[in-house]
Amino acid sequence: MPSAPGAGASPLRQRSFVLFLLSRILSQGAIQVQTVAVGWQMYELSDSALDLGLLGLAGFLPILLLTLPAGHVADAYPRVIVVGLCRLALGGVVLVLGIGTLAGWMGREAIFALVATLGVARAFEMPAQQALLPGVVPAALFPRAVSLSTTCNQLATIGGPALSGSLVAVGGAAAAYLPAAVALLVSAVLAFLIAAPRQARVTGVGGAARFFEGVTFLRTRPVLLGAISLDMVAVLLGAVVALYPVYARDILLTGPWGLGLLRAAPAVGAMGMGLLLAWRPLGAGSGRRMFAAVIVFGVAITIFALSTSLVLSLAILVAAGAADVVSVVVRQSLVQLG
């Protein structure tokens, strides 16, 4: 259990929080490194935009399908153990990607299978990680802990792709996979060292029943349902991230370093807007601002699709990331107030 905070205490004085933070930074940064490397490698192997889309689906579909069981596991089993085991699995899979690439037997089918396996591990890791943080710091320090964790996560999301692009440019995909695997394995060890917080055993309704309770909740709150639907449509129709390797190599005429910058740019905008909203919250009229943000996001993605300039593309992706944060903040506020 975390110790009680004294006057002027910081979350960074809590051993378990420091371990949580370091583990999360390493894990998030390593996943970003792996994502850039595997996208570039797949496009080099197949020269197919369709394969890039299928690669994104292979990573996303397990997360979608395993949402209910993953949430149940996060509630029913020690979250420290769940997070640590998932990061061990992630590190092992990325290590196989690196070894297979070095040995020359890593083909498109093997990449699809390994990326799907990564998706399964991440499906169970994410809810356990999100539910773990409140137990590693005292309640009085929780807001500052969330702020620190979110900021460090954004920094890893920015730095990971940029680092990966440089590594791939210098030594190929394996040069990115192997350090990412080591980082994930170290992240797992750090997760296991976190003092396990008390965790109530789950009783009562199962995952499916909770899902239908959530559906009923949304049906009785049309404003929240509309906000979520609008954001979902915008993200689905504007999701160009899987095609970044096409833009980096064939349209913007850069190498993997350019791909890394493209992956990092939305996170730069998201972090900047997050800091701005922390200083000046949205306040009244947030619904109109959400509509404006979705419009800005759509216009930005359209301009990105037509751009042949790396500088313009990066600037547009920064704007898209900033606009997306506004939508996320409004939606989360509606959930809290709903």
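Presented here is an overview of the structure given in this document. Please read these numbers as outputs of a predicted model, since none were measured by experiment.

What counts, and where the lines are drawn
Residues numbered from 1 in each chain as written. Predicted model: local features only at pLDDT ≥ 70, side-chain atom pairs only at ≥ 80, totals over all residues. Heavy atoms only, no water. Axes fitted to C-alpha atoms, helices over the stretch in contact; angles between N-to-C directions. Helix = DSSP H or I, 4+ residues; strand = E, 2+ residues; numbered from the N terminus. Parallel < 35°, antiparallel > 145°, perpendicular 65-115°, else oblique. Left-handed = near helix turned anticlockwise from the far one by under 90°. Contact = heavy atoms within 4.5 Å. Buried < 20%, exposed > 50% of the residue type's maximum accessible area, 1.4 Å probe, protein only. Core = buried A, V, L, I, M, F, W, Y, C linked by side-chain atoms within 4.5 Å.

## Digging into the packing of helix α10 (residues 244–251) against helix α11 (residues 256–279)
Consideration 1: Two elements in contact, α10 and α11, have axes separated by 9 Å at closest approach and are oriented at 135°. With respect to each other, α10 and α11 are oriented oblique. Relative to α11, the crossing made by α10 is right-handed. Residues Tyr-244, Pro-245, Tyr-247 and Ala-248 of α10 form the contact with α11, whose participating residues are Gly-258, Leu-259, Leu-262, Arg-263 and Pro-266.

## Some points on α10
Consideration 1: Looking at α10, one finds that the buried residues are Tyr-244, Pro-245, Val-246, Tyr-247 and Ala-248.
Consideration 2: Directly beyond the C-terminal end of α10, a positive phi value near 60° is found at Leu-253.

## Considerations on the environment of Leu-277
Consideration 1: Summarising the element assignment, Leu-277 is placed in helix α11.
Consideration 2: Using a relative accessible area of 13% as the deciding quantity, one classes Leu-277 as buried.
Consideration 3: Separated by 52 residues in sequence, Leu-277 and Val-329 have C-alpha atoms that sit 8.8 Å apart.

## Quick word on the side chain of Asn-153
Consideration 1: Of note, Asn-153 is situated in helix α6 (residues 142–171).
Consideration 2: Once residues within four sequence positions are removed from consideration, Asn-153 is found in contact with Arg-24 and Gln-28.

## Topic: the environment of Val-96
Consideration 1: As for its position among the elements, Val-96 is in helix α4 (residues 79–103).
Consideration 2: Val-96 gets classed as partly exposed once you look at its relative accessible area, which sits at 34%.
Consideration 3: Here the alpha-carbon distance between Val-96 and Ala-174, two residues 78 residues apart in the chain, equals 10.0 Å.

## Remarks on the nonpolar core
Consideration 1: If you look at the biggest cluster of nonpolar residues, it comprises 57 residues, and the most contacted ones within it are Ile-111, Leu-262 and Phe-304.
Consideration 2: When sequence neighbours within four positions are dropped, the list of residues in contact with Phe-304 reads Val-240, Tyr-244, Tyr-247, Leu-262, Ser-313, Ile-316 and Leu-317.
Consideration 3: Leu-21, Val-82, Leu-190 and Ala-191 belong to the second largest nonpolar core, which has 20 residues in total.

## Examining helix α3 (residues 67–76)
Consideration 1: Looking only at α3, the buried set comprises Ala-70, Val-73, Ala-74 and Ala-76.
Consideration 2: Turning to α3, the residues buried within the fold contact α4 and α5 (108–132).

## Some points on the packing of α3 against α5
Consideration 1: Remark: α3 packs on α5, axes separated minimally by 8 Å, with the N-to-C direction vectors making an angle of 45°. In terms of orientation, α3 and α5 fall into the oblique class. By crossing handedness, the relation of α3 to α5 is classed as right-handed. Facing Pro-69, Ala-70, Gly-71, Val-73 and Ala-74 of α3, the residues of α5 in contact are Ala-123, Phe-124, Pro-127 and Ala-128.

It is worth stressing that arrangement in space is one thing and function is another; only the former is reported here.
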